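Chain by chain, the residues run as shown.
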Amino acid sequence: MQTLLFILNDGPYGSEKTFNALRLALNIKEQYEERVAIKLFLMSDAVTAALVNQRPSEGYNIEQMLDILLAQGAQLKLCKTCTDARGVTEQTLIDGAQISTLIELSQWTLEADKVLTF
């Protein structure tokens, strides 16, 4: 099984980088479900993408996209330094999201077959 690590940095709605990263992850998982493992690590403003109860006025919903990926077996971790700086806590996150550290990101990076950054 191939492991793909997606590192996201941009906020969920300020640009379309997070949206495009999740679109790609969803498409890869749908096309190659049995052959690929998806890991997502959110940093900087991207940590707000994992907040629960998002209500965008129009267009896409990042929370729903993350929920689908988690249901498909993806792993989702957030940078602790970044969450602390933004007041994000475990209680404010969607089910399945976990606060983690740069140490774990380093491990994930070394273990991944491919690393994609957005």
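Everything that follows concerns the structure shown earlier in this document.
Residues numbered from 1 in each chain as written. Predicted model: local features only at pLDDT ≥ 70, side-chain atom pairs only at ≥ 80, totals over all residues. Heavy atoms only, no water.

Trainee: Got a sec to walk through the overall build of the protein chain? Specific residues and values, please.
Mentor: The number of helices and strands found in the protein chain is 4 helices and 5 strands. Ordered by position from N to C terminus, the α and β elements of the protein chain give β-α-β-α-β-α-β-α-β. A compact globule built from 118 residues should have a C-alpha radius of gyration of about 13 Å, and the protein chain, at 13 Å, falls within 12% of that. Dimensions along the principal axes, computed over C-alpha positions, put the protein chain at roughly 35 × 35 × 25 Å. (Helix = DSSP H or I, 4+ residues; strand = E, 2+ residues; numbered from the N terminus. Rg over C-alpha atoms; globule rule 2.2 N^0.38 Å.)

Trainee: Describe in detail the nonpolar core, supporting the description with residues and values.
Mentor: Nonpolar side chains in soluble globular proteins generally cluster together in the buried interior. One finds Phe6, Ile38, Leu40, Leu42, Leu66 and Leu76 to be the most contacted residues of the largest nonpolar core, which totals 38 residues. Taken together, the elements giving at least two residues each to this core come down to β1 (2-8), α1 (17-31), β2 (36-42), α2 (62-71), β3 (75-79) and α4 (102-111). If you tally residues by element for this core, the top one is α1, at 6 residues. (Core = buried A, V, L, I, M, F, W, Y, C linked by side-chain atoms within 4.5 Å. Buried < 20%, exposed > 50% of the residue type's maximum accessible area, 1.4 Å probe, protein only.)

Trainee: Can you explain the environment of Leu26? Please cite residues and give values.
Mentor: Structurally, the position occupied by Leu26 is in helix α1. Considered as a pair, Leu26 and Cys79 are 53 residues apart in the sequence and their alpha carbons are 22 Å apart. Excluding residues within four positions of it along the chain, Leu26 makes contact with Met65, Ile68, Leu69 and Gln72. (Contact = heavy atoms within 4.5 Å.)

Trainee: Could you give me a rundown of α1, with the residues and numbers involved?
Mentor: Counted at 1.5 Å a residue, the expected span for α1 with its 15 residues is 21 Å, and the 21 Å between its end C-alpha atoms agrees. Every buried residue of α1 is accounted for by Thr18, Phe19, Ala21, Leu22, Ala25, Leu26, Ile28 and Lys29. Buried residues along α1 sit against β1, β2 and α2. (Expected span 1.5 Å × (residues − 1).)

Trainee: Quick one: what's the story with the environment of Gly96, residue by residue and with numbers?
Mentor: With respect to the element layout, Gly96 can be found in the loop between α3 (80-86) and β4 (97-100). For Gly96 and Leu66, which are 30 residues apart along the polypeptide, the C-alpha to C-alpha distance reads 9.3 Å. For Gly96, the residues in contact, after removing those within four places along its chain, are Leu70 and Leu76.

Trainee: Could you give an account of the pairing of β3, with specific residues and numbers?
Mentor: Among the 5 residues in β3, 4 count as buried, and that is most of the element. Bridge analysis of β2 against β3 gives 4 bridges, and the strand direction is parallel. Pairing of Leu42 across the sheet is with Leu78, part of β3. On the question of chirality, the crossover connecting β2 to the parallel β3 by way of α2 is right-handed. The pairing of β3 with β4 spans 4 bridges and is parallel. Counted as the bridge partner of Cys79 is Ser100 from β4. Handedness of the crossover joining β3 and β4 through α3: right-handed. (Pairing = 2+ DSSP bridges. Right-handed = clockwise from strand over helix to strand, strands pointing away.)

Purely spatial values, then, with no claim about function.
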